[in-house]
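Read off the chains here:
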Amino acid sequence: SRARAAVLDTRDKSPRPGGEVEEASLLLEKEIEEMLQREDALAETCATLRSEVEKLSRSLSESQAAAGKQAAEFAAARTSLERDLAERTRSAERLEGDTRELQARLKSSEESLSEKQRKLETALQQLQTQQAVAAQLRKDILSRDQERDAANRLLSRAQAELDLEKQNRMAAEEKASKAARAQERLEKQLAEQKDMQAQLRASIGSMNSLRDKLQAKRNSLRP
């Protein structure tokens, strides 16, 4: 480097006094050499660092660009997500409204079903009652049919007996008629006999009177 060249040039132009000065000069040169070496190493390190800084700057720029792009993409994605979230929120609200409506309908349907179930149970109870009444009615009808059959049999027997009684009555009436006619004949004959008896009694009385008269006349004619 220029500093090293200047030091060497100064060393060449300086006087050479004694050994101590030369030794001190050598030590100084050695230190200067070491300093120059350190300076060269430091310069090389700085160059390396500058290169790394440039690389890092380029990487940072690229990272910043990528980050900007990613940020834009993220912003777009966030906007899209926010739109999706808003749409999903609206959908959720609509779904919640639909769910409430469905729940209300379901509750109404359940209430209606419960009411229909109660009516059905009432109808079943009424049906069971009616079936029991119908069964009892069938029993009553069967019993009445049996009673009617028995009554019909009794009526048939009574009718037969009535027909027989009628026939007997007609026969009795015929007999009574005959008896009445016979009685009339007997009464007529009795009346005729009474007349004949009256006539006979009258005749007997006349004969008795005539006999009495004859007897009296006989008695008067006796001496």
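Residues numbered from 1 in each chain as written. Predicted model: local features only at pLDDT ≥ 70, side-chain atom pairs only at ≥ 80, totals over all residues. Heavy atoms only, no water.

Caption draft 1: Local environment of the overall build of the protein. Each helix and strand counted, the protein has two helices and zero strands in total. Taking 223 residues into account, the globule formula puts the C-alpha radius of gyration at 17 Å, and the protein, at 84 Å, lies well above it. Judged by the C-alpha coordinates and their principal axes, the protein covers about 280 × 35 × 25 Å. Split into buried and exposed, the 223 residues of the protein put 1% on the buried side. Seen as two clouds, the 42 positive and the 41 negative side-chain charges of the protein have centres 29 Å apart. (Helix = DSSP H or I, 4+ residues; strand = E, 2+ residues; numbered from the N terminus. Rg over C-alpha atoms; globule rule 2.2 N^0.38 Å. Buried < 20%, exposed > 50% of the residue type's maximum accessible area, 1.4 Å probe, protein only. Lys, Arg positive; Asp, Glu negative; His and termini not counted. Charge placed at Lys NZ, Arg CZ, Asp CG, Glu CD.)

Caption draft 2: Representation of the confidence of the model for the protein. On average, residues of the protein carry a pLDDT of 79, and 91% of them reach 70 or more. Counting contacts from residues 1-16, a segment whose pLDDT is below 50, to residues more than four positions away or on other chains yields nine contacts. (pLDDT = per-residue confidence, 0-100. Contact = heavy atoms within 4.5 Å.)

Caption draft 3: Broad picture of the pattern of salt bridges. Applying the stated criterion across every chain yields a total of six salt bridges. A salt bridge links E87 to R90, with the nearest nitrogen and oxygen atoms 2.6 Å apart. In this pair, E87 and R90 both sit in helix α2 (residues 19-221), three residues apart, roughly one turn of the helix. Here E87 falls in the partly exposed class, since its relative accessible area comes to 34%. Across the salt bridge formed by E101 and R105, the nearest N and O atoms sit 2.7 Å from each other. On the criterion of helical spacing, the pair formed by E101 and R105 is a turn pair, its members being four residues apart in helix α2. Residues joined in a network through salt bridges with shared partners are E87, R90 and R94. (Salt bridge = Lys/Arg side-chain N within 4 Å of Asp/Glu carboxyl O.)

Caption draft 4: Main features of a positive patch on the surface. A contiguous patch of positive charge on the surface is contributed by K175, K178, R181 and R185. Note on placement: K178 falls in helix α2. (Patch = residues over 30% accessible without salt bridge, like charges linked within 9 Å, V, L, I, M, F, W, Y side chains within 5 Å. Areas by Shrake-Rupley, 256 points an atom, 1.4 Å probe, with all protein chains shown as cover.)

Caption draft 5: Summary view of a nonpolar patch on the surface. Together, L120, L124 and L127 make up a nonpolar patch on the protein surface, roughly 250 Å² of accessible area in all. Tracing the backbone through its elements, the reader meets L120 in helix α2.

Caption draft 6: The environment of A179, seen in detail. By the secondary structure assignment, A179 is in helix α2. Separated by 20 residues in sequence, A179 and Q159 have C-alpha atoms that sit 28 Å apart.

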